[in-house]
Amino acid sequence: EVQLVESGGGLVQAGGSLRLSCAASGFTFDDSAVGWFRQAPGKEREAVSCISTRDGSSYYADSVKGRFTISNDNAKNTVYLLMNSLQPEDTAVYYCVVECYPPRYWGKGIQVTVAS
């Protein structure tokens, strides 16, 4: 079965950085779309970033464009989200996903908290 295990979340001060990792298994990683959604308290889940592991094409939400960078390491079946210049509004549970429009599989989620 598909498994997605997120790591790298935590607490960071505004302006700081975190790198999320998602270790994936159970599907053909190098021929898929993988990425990240997030859900803040009281809000619905939203797409943050997605990438094609086949050709590297990517999508970013306008709110994170220029601050976040998605990447993949097909040899490790891992997708990353480097989050720079974090802001309090980035506070959310971040979910690794397989397929993005819409996601077909979801990780458990990992908390990212940005202190004001």
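Everything here concerns the structure above.
Residues numbered from 1 in each chain as written. Predicted model: local features only at pLDDT ≥ 70, side-chain atom pairs only at ≥ 80, totals over all residues. Heavy atoms only, no water.

*Asks:* How do you make sense of the environment of Leu 20 when you look at a structure like this?
*Replies:* Take Leu 20: it is sitting in strand S3 (residues 18-25). C-alpha of Leu 20 to C-alpha of Gly 8: the two residues are 12 residues apart in sequence and 4.5 Å apart in space. Not counting residues within four places of it along the chain, the set of residues in contact with Leu 20 comprises Ser 7, Gly 8, Gly 9, Trp 36, Val 79, Tyr 80, Leu 81, Met 83, Tyr 94, Ile 110 and Val 112. (Helix = DSSP H or I, 4+ residues; strand = E, 2+ residues; numbered from the N terminus. Contact = heavy atoms within 4.5 Å.)

*Asks:* Help me understand the nonpolar core, please; the structure alone is not making it clear to me.
*Replies:* For soluble globular proteins, nonpolar side chains are generally found buried alongside one another. Formed by 28 residues in total, the largest nonpolar core has its most connected members in Leu 20, Trp 36, Phe 68, Val 79, Leu 81, Met 83 and Tyr 94. Those elements giving two or more residues to this core turn out to be S3, strand S4 (33-39), strand S5 (46-52), strand S7 (68-73), strand S8 (78-83), strand S9 (92-98) and strand S11 (110-115). Leave out the neighbours within four places in its chain, and Tyr 94 touches Glu 6, Leu 20, Trp 36, Phe 37, Arg 38, Val 48, Phe 68, Leu 81, Met 83, Gly 109, Ile 110 and Val 112. (Core = buried A, V, L, I, M, F, W, Y, C linked by side-chain atoms within 4.5 Å. Buried < 20%, exposed > 50% of the residue type's maximum accessible area, 1.4 Å probe, protein only.)

*Asks:* Got a minute to help me understand unusual backbone geometry in this structure?
*Replies:* Peptide bonds are trans in most cases, and residues, glycine excluded, mostly fall at negative phi. Of note, the bond from Tyr 101 into Pro 102 is cis; its omega dihedral lies within 30 degrees of zero at 0°. Along the chain, the position of Pro 102 falls in the loop between S9 and strand S10 (105-106). In this structure, Asn 77 takes a positive phi of about 50° despite not being glycine. When you line up the elements, Asn 77 lands in the loop between S7 and S8. For Ser 85, which is not a glycine, the phi torsion comes out positive at approximately 50°. Assignment of secondary structure puts Ser 85 in the loop between S8 and S9.

*Asks:* What is the right way to read the packing of aromatic side chains from this model?
*Replies:* Aromatic rings in a pair are described by how distant their centres are and how their planes are angled relative to each other. In this structure the tally under the stated criterion is four aromatic pairs. A ring pair is formed by Phe 27 and Phe 29, whose centres lie 6.0 Å apart and whose planes are at 45°; its orientation type is tilted. Taken together, a centroid distance of 5.2 Å and an interplanar angle of 70° make the contact between Phe 37 and Trp 106 edge-to-face. Of this pair, Phe 37 sits in strand S4 while Trp 106 is found in strand S10, placing the two residues 69 residues apart along the sequence. Judged by relative accessible area, Phe 37 falls into the buried class, the value being 8%. Here the aromatic residues Phe 37, Tyr 95 and Trp 106 are joined through ring pairs into a cluster of three or more. (Phe/Tyr/Trp six-rings, centres within 6.5 Å; stacked < 30°, edge-to-face > 60°.)

*Asks:* Even after reading the chapter, I still don't get the side chain of Ser 49, so can you show me in this structure?
*Replies:* Summarising the element assignment, Ser 49 is placed in strand S5. What makes Ser 49 buried here is its relative accessible area of 0%. Within the structure, Ser 49 has its side chain in polar contact with the backbone oxygen of Tyr 59 (distance 2.9 Å). Ignoring any residue separated from it by four or fewer positions in sequence, one finds Ser 49 in contact with Gly 35, Trp 36, Tyr 59, Tyr 60, Ile 70 and Leu 81. (Polar contact = N/O pair within 3.5 Å; in protein donor to acceptor, adjacent residues only side chain to side chain.)

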